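Here's the letter readout for the chains.
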Amino acid sequence: MRRRQATATLVSAAFLFPLVFLLVGALRAPGLPPPTGLEVLTPSPDTGGFGRAFALTDLGRQLVNSAVIAVLAVPLTVLVASWAGFAATRLGRWGRRAVIGGSLVALLVPLSALWVPRFVLFSQLSLVDTYVPLVAPALMATSPLYVLLFYWSYSRLPPDLIDAARLEGLGPLAIWRRVAAPLVRPTTFAVGVLAFVFHWSNFIDPLLYLNDPSLYTAPLGLRQLKDLGPTDFPVLMAAALVVTLPAVLAFAAVQRRFLSETRAAGWLGR
Amino acid sequence: MARALILAGLAGALALALALLAGGCRGSSDSAVTLQVFGDAQELVAYRELIAAYERKTGENASLIEVPDRDAHVQKLTTAFAGGSPPDVFLVNYRNFAPFAARGALDAAGPRLRRSLELNRADFYPQPLEAFAFDGTLQCLPQNVSSLVVYYNRNLFRQAGLRDPEPGWTYDEFRAAARRLTEPARGEGEIRRYGVGIEPELVRLAPFVWSAGGDIVDDPDDPGRFTIDTPEGREGLLAFLDLQGGDRLAPFEQEIEAKALDERFLDGELGMFLSSRREVPTFRSIEDFEWDVAPFPRLREPASVLHSDAYCVARGDRAEQGWRFVEFAAGPEGQRILARSGRIVPSLKSVARSRDFLAPGRPPRSSEVFLHAIPTIRRLPVASTWPEIEEAADLAIKRAYYTELTVEEALARLERETAPLLRRARDARP
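Values in this document were obtained by computation on a predicted structure and should not be read as measured data. (Residues numbered from 1 in each chain as written. Chains lettered and ligands numbered in written order. Predicted model: local features only at pLDDT ≥ 70, side-chain atom pairs only at ≥ 80, totals over all residues. Heavy atoms only, no water.)

K.L.:
How do you make sense of the overall build of chain B when you look at a structure like this?
P.N.:
Broken down by element type, chain B carries 20 helices and 14 strands. A compact globule built from 430 residues would reach a C-alpha radius of gyration of about 22 Å, and chain B, at 24 Å, matches this within 12%. Principal-axis analysis of the C-alpha atoms gives chain B an extent of 70 × 65 × 50 Å. Nonlocal contacts in chain B, meaning residues at least 24 apart in sequence, comprise 75% of its contacts between residues at least 6 apart. Total accessible area on chain B is roughly 17,800 Å²; 49% of this is exposed by carbon and sulfur atoms. Across chain B, 54 positive and 64 negative side-chain charges occur, with their mean positions spaced 3 Å apart. (Helix = DSSP H or I, 4+ residues; strand = E, 2+ residues; numbered from the N terminus. Rg over C-alpha atoms; globule rule 2.2 N^0.38 Å. Contact = heavy atoms within 4.5 Å. Areas by Shrake-Rupley, 256 points an atom, 1.4 Å probe, with all protein chains shown as cover. Lys, Arg positive; Asp, Glu negative; His and termini not counted. Charge placed at Lys NZ, Arg CZ, Asp CG, Glu CD.)

Have a look at this one:
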């Protein structure tokens, strides 16, 4: 038990290190030359970088814009992925193989190969410079991975349970809503967090589709700050910390539900 | 839980539908001419002023697409062109416009300039006009005509007992000054002061090679191979590499990563810094010391390398509207706005000789150095694969500059990695 705890602490420390580096960098005074070695503690913490980050780019508005996209896209992604994953488990053997195989193939397609065809589509629909192209992937569950995650979770539920519900006269939507979905909550939360991180940190789609600076999202603002000189790196670090914080908070909020649900849901420990 | 998810998802779908409707109604702003540029905060301020001036003068709408950096600018342009929805006008360097011209994506500026009642070809410096020609036709209208110059810290020059560089100064004088300005580190962790700073890139190396009497490629209009391996080319290459490898007159790679060259110059830790006009707006914030610009030093003959951007108009229904904007932006009024920001050396002779550019009373006091260099300016080749060629060349030059490759190894690598790209460019020519 003690060894497990030590291992867990070590692994956590490895993942925590970039965040500590971010925090230390953000608290360095802008204008000072960068440290020559690894700096674990800032000698004299300064929050000037935060003020400059918001002054140099419209970071406040960009954060709101990113939040609007996440609020629209994340629930839609989770809903569609959950429906698609559940529907896949109800298909016959060959249908299921085709859908899962198709999803795996789709997962292998590099995103860059889709930039131009998608741009053509949205451009033809006069939807460039709107948030539609940024939210629309949620209608297709954002990524095949999320559908597969739900599929694997639903396929671990006992078939008898679903059959019994059907004999009770429940339709597919009612079975999903009242029986299946409550039993895969950990997956729902996990996909929710993954989808949030995807949409929150999406740089390429806002770059390609947005022209009006008032619609820009936080990753675009961060990239603008990247061009500052090395002595201004605390400004970039401060902005990066502000942009990272919602993702960290989202995970922290959900991981408790995720862990307690995992322990409680006997199906996953089967 | 599931009910909440359905509600949230449906709310998202509803919002998306509303956004679709809103998107469909965005037609009102479609009439605005769009200009895509990238740049730092100060440059963007000047472009916003340009857009406002155009709207005031013509009563037409215009909008600025601000992109964070050069890579994002090219990526966005490439996708937008491939998707058939490019900006009406975009600003691009002559080393990067050829891929667009080769695909027939540009509305050629040459015929429009001939017909223009606002602009006259003879009013522009000829060097950038030649650089923006593809297959004999002018494609984009140059906004500026900058070149490589030496920014120097006058206070450090005086402290080292050096006089301001003379107009025709030589490489030996430049090197001697760099040696006098370089100060060894005094203690552990101390930042050493260097005499000179230059980025190890092909565009920086080129004037060394030309000044030594060599050539970068066999034919700048249809490059077949690099020719830096000639005796003259090698002389120029060695003069460039010796700044770092010989007496360590310039900062090493890790030192530049810790603190960039422009930052070092700003902080008075670099005696001389070789760059184009782009540094001026930032350097005007220097209060602690005096600085000025000097011409690129000559090895045998005077030379410098062209740095120039131009307004390109995307081919299509909106080209006429785009050209009207270009006539304003590249015309005297538009160039004056950009010249006042300090960022550009105007491509129009009248504006370049005006107080808007020369700005008496504001540094650099020798701004005319940029104008005197124009007759000696040479350009890098224009080829459809040139951005990739330059990327490969930069890597070989960088490794040689930081002494990881010998001159022979660097030249062999340059030849090996650029040959297929040069062949591809030749094959793509009509």
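Read on for the rest.
K.L.:
Explain the pairing of strand β1 (residues 33-38) of chain B to me, please; I cannot follow it from the model alone.
P.N.:
Along any regular strand the residues' side chains alternate between the sheet's two faces. All names here are of chain B. Counting buried residues along β1, five of its six residues qualify, which places the element largely inside the surrounding structure. Here β1 pairs with strand β2 (residues 62-67) via six bridges, running parallel. From the neighbouring strand, phenylalanine 38 faces β2, where its bridge partner is valine 67. Handedness of the crossover joining β1 and β2 through helix α2 (residues 41-58): right-handed. (Buried < 20%, exposed > 50% of the residue type's maximum accessible area, 1.4 Å probe, protein only. Pairing = 2+ DSSP bridges. Right-handed = clockwise from strand over helix to strand, strands pointing away.)

K.L.:
For this particular structure, what's the right way to read the side chain of arginine 277 of chain B?
P.N.:
Among the structural elements, arginine 277 of chain B can be located in the loop between β10 (270-275) and α13 (280-283). When residues no more than four places from it in sequence are discounted, the contact partners of arginine 277 of chain B are Ser146, Ser147, Tyr151, Arg284, Gly342, Arg343, Ile344, Val345, Phe357, Pro364, Ser367 and Phe370 of chain B.

K.L.:
I would appreciate a short explanation of helix α10 (residues 231-245) of chain B in the present structure.
P.N.:
Helical geometry note: an α-helix holds 3.6 residues per turn, so side chains three or four residues apart project in the same direction. All names here are of chain B. Taking 1.5 Å of rise per residue, 15 residues should cover 21 Å, and α10 covers 20 Å from first to last C-alpha, within 8% of that figure. Among all positions in α10, only Gly233, Gly236, Leu237, Ala239, Phe240, Leu241, Leu243 and Gln244 are buried. Next to the buried residues of α10 lie α8 (171-181), β9 (194-197), α9 (202-211), α19 (386-401) and α20 (407-428). (Expected span 1.5 Å × (residues − 1).)

K.L.:
Got a minute to help me understand the packing of helix α3 (residues 59-89) of chain A against helix α12 (residues 218-226) of chain A in this structure?
P.N.:
Residues and elements named next belong to chain A. Running from amino to carboxyl end, α3 crosses α12 at an angle of 145°, the nearest separation of the two axes being 8 Å. Here Gln62, Leu63 and Ser66 of α3 lie close against α12, whose contacting residues are Ala218, Pro219, Gly221 and Gln224. Of the residues assigned to the contact of α3 with α12, the class counts are three nonpolar, four polar and no charged. (Axes fitted to C-alpha atoms, helices over the stretch in contact; angles between N-to-C directions. Nonpolar A, V, L, I, M, F, W, Y, C, P; charged D, E, K, R; others polar.)

K.L.:
What is the right way to look at the packing of aromatic side chains in this model?
P.N.:
Here the distance between the centres and the angle between the planes together describe a pair of aromatic rings. Residues and elements named next belong to chain B. Under the criterion given, the structure shown has 31 aromatic pairs over all chains. Considering the side-chain rings of phenylalanine 81 and phenylalanine 100, the 5.3 Å spacing of their centres and the 45° angle between planes classify their relative orientation as tilted. In this pair, phenylalanine 81 is assigned in helix α3 (residues 70-82) and phenylalanine 100 in helix α4 (residues 98-102), connecting sequence segments 19 residues apart. A relative accessible area of 12% places phenylalanine 81 in the buried class. (Phe/Tyr/Trp six-rings, centres within 6.5 Å; stacked < 30°, edge-to-face > 60°.)

K.L.:
How should the nonpolar core be read in this particular structure?
P.N.:
One broad trend across soluble globular proteins is that nonpolar side chains are buried collectively. In this structure, Phe226, Met272 and Tyr311 of chain B are the most contacted members of the largest nonpolar core, which totals 137 residues. Here this core gathers at least three residues from each of two domains, domain 1 (2-146 + 307-378) and domain 2 (149-306 + 383-428) of chain B. Setting aside chain neighbours within four positions, we find methionine 272 of chain B in contact with Val150, Tyr151, Tyr152, Phe157, Trp169, Phe174, Ala177, Ala178, Leu181, Gly195, Val196 and Gly197 of chain B. Among the nonpolar cores identified, the runner-up in size contains 45 residues, and Ala70, Val147, Ile175 and Ala247 of chain A belong to it. (Core = buried A, V, L, I, M, F, W, Y, C linked by side-chain atoms within 4.5 Å. Domains from an automatic or database assignment.)

K.L.:
What is the right way to read the pattern of salt bridges from this model?
P.N.:
It is possible for side chains bearing opposite charge to pair when their charged atoms get close. Residues and elements named next belong to chain B. According to the stated counting rule, one finds 36 salt bridges over all chains in the structure shown. With a closest N to O distance of 3.3 Å, glutamate 333 and lysine 57 form a salt bridge. Of this pair, glutamate 333 sits in helix α15 (residues 332-340) while lysine 57 sits in helix α2, and the two are 276 residues apart along the sequence. Judged by its relative accessible area of 52%, lysine 57 falls in the exposed class. (Salt bridge = Lys/Arg side-chain N within 4 Å of Asp/Glu carboxyl O.)

K.L.:
Just checking my understanding: could you explain a nonpolar patch on the surface for this structure?
P.N.:
Together, Leu16, Leu19, Val20 and Val248 of chain A line one region of the surface with nonpolar side chains, adding up to about 280 Å² of accessible area. With respect to the element layout, leucine 16 of chain A can be found in helix α1 (residues 2-26). (Patch = residues over 30% accessible without salt bridge, like charges linked within 9 Å, V, L, I, M, F, W, Y side chains within 5 Å.)

K.L.:
Please explain the domain arrangement of chain B as it appears in this structure.
P.N.:
Often, the extent of an interface is quoted as the loss of accessible area on bringing the components together. Residue and element names in this part refer to chain B. Partitioning chain B into structural domains gives domain 1 (2-146 + 307-378) and domain 2 (149-306 + 383-428). Placing a centre on the C-alpha atoms of domain 1 and another on those of domain 2 gives a separation of 29 Å. Taken residue by residue, the interface counts 33 residues in domain 1 and 31 residues in domain 2. Broken down residue by residue, the surface that domain 1 buries against domain 2 is led by Arg95, His307 and Arg378, which jointly contribute 25%. Along the contact surface separating domain 1 from domain 2 lie four salt bridges. (Buried area = accessible area lost by both parts, 1.4 Å probe.)

K.L.:
Before we go on, may I ask you to explain the environment of threonine 58 of chain B in this structure?
P.N.:
All names here are of chain B. By secondary structure assignment, the location of threonine 58 is in helix α2. What makes threonine 58 partly exposed here is its relative accessible area of 36%. Within the structure, the side chain of threonine 58 is placed 2.7 Å from the backbone oxygen of tyrosine 54, a separation counted as a polar contact. Within polar-contact distance, the side chain of threonine 58 engages the backbone nitrogen of glutamate 60 at 3.1 Å. (Polar contact = N/O pair within 3.5 Å; in protein donor to acceptor, adjacent residues only side chain to side chain.)

K.L.:
I keep staring at unusual backbone geometry and nothing clicks. Help me out?
P.N.:
Leaving glycine aside, a negative phi is the common case for residues, and trans is the common case for peptide bonds. Omega for the bond connecting proline 363 of chain B with proline 364 of chain B falls within 30 degrees of zero, at 0°, which places this linkage in the cis form. Secondary-structure assignment places proline 364 of chain B in the loop between α17 (355-358) and α18 (368-373). Despite not being glycine, aspartate 129 of chain A shows a phi value in the positive range, around 70°. For aspartate 129 of chain A, the location among the structural elements is in the loop between α5 (112-124) and α6 (132-135). In this structure, aspartate 135 of chain B is a non-glycine residue whose phi angle is positive, near 55°.

K.L.:
For this particular structure, what's the right way to read the pairing of β10 of chain B?
P.N.:
Residue and element names in this part refer to chain B. Extensive coverage of β10 is indicated by the burial of six of its six residues. Summarising the sheet, strand β8 (residues 149-153) and β10 pair through four bridges and their orientation is antiparallel. Its bridge partner being in β10, valine 149 is matched across the sheet by serine 275. For β9 and β10, the ladder comprises three bridges, and the chain directions are parallel. The residue bridging glycine 197 from the neighbouring strand is phenylalanine 273, located in β10.

K.L.:
Would you explain the packing of α19 of chain B against α20 of chain B in this entry?
P.N.:
Packed helices, taken two at a time, are described by the angle between their axes plus the distance between the axes. All names here are of chain B. Contact geometry of α19 with α20 gives a least axis separation of 9 Å together with a crossing angle of 180°. In terms of orientation, α19 lies roughly antiparallel with respect to α20. Along the contact surface, α19 presents Glu388, Ile389, Ala392, Ala393, Leu395, Ala396, Arg399 and Ala400, while α20 presents Ala410, Arg413, Leu414, Glu417, Thr418, Leu421, Leu422 and Arg424. Here the residues of the contact of α19 with α20 are counted per class, giving ten nonpolar, one polar and five charged. (Parallel < 35°, antiparallel > 145°, perpendicular 65-115°, else oblique.)

K.L.:
Looking at this structure, how should I read the environment of serine 214 of chain A?
P.N.:
Residue and element names in this part refer to chain A. In this structure, serine 214 sits in the loop between α11 (204-209) and α12. When its relative accessible area of 26% is taken as the criterion, serine 214 is described as partly exposed. Remark: the alpha-carbon pair of serine 214 and asparagine 65, spanning 149 residues in sequence, is separated by 8.8 Å. If we ignore the near neighbours within four places in the chain, the residues touching serine 214 are Arg61 and Asn65.

K.L.:
Even after reading the chapter, I still don't get the sheet that holds β10 of chain B, so can you show me in this structure?
P.N.:
Where strands meet in a sheet, backbone hydrogen bonds hold them as pairs that are either parallel or antiparallel. Residue and element names in this part refer to chain B. Strand order in the open sheet formed by four strands is β9-β10-β8-β11, with mixed pairing between adjacent strands. Each having just a single partner strand, β9 and β11 (291-294) make up the two edges of the open sheet. This sheet shows a mean twist of 20° between the axes of neighbouring strands, independent of strand direction. Sitting on the sheet, α8 is in contact with β8, β9 and β10, with an inclination near 140° to β10.

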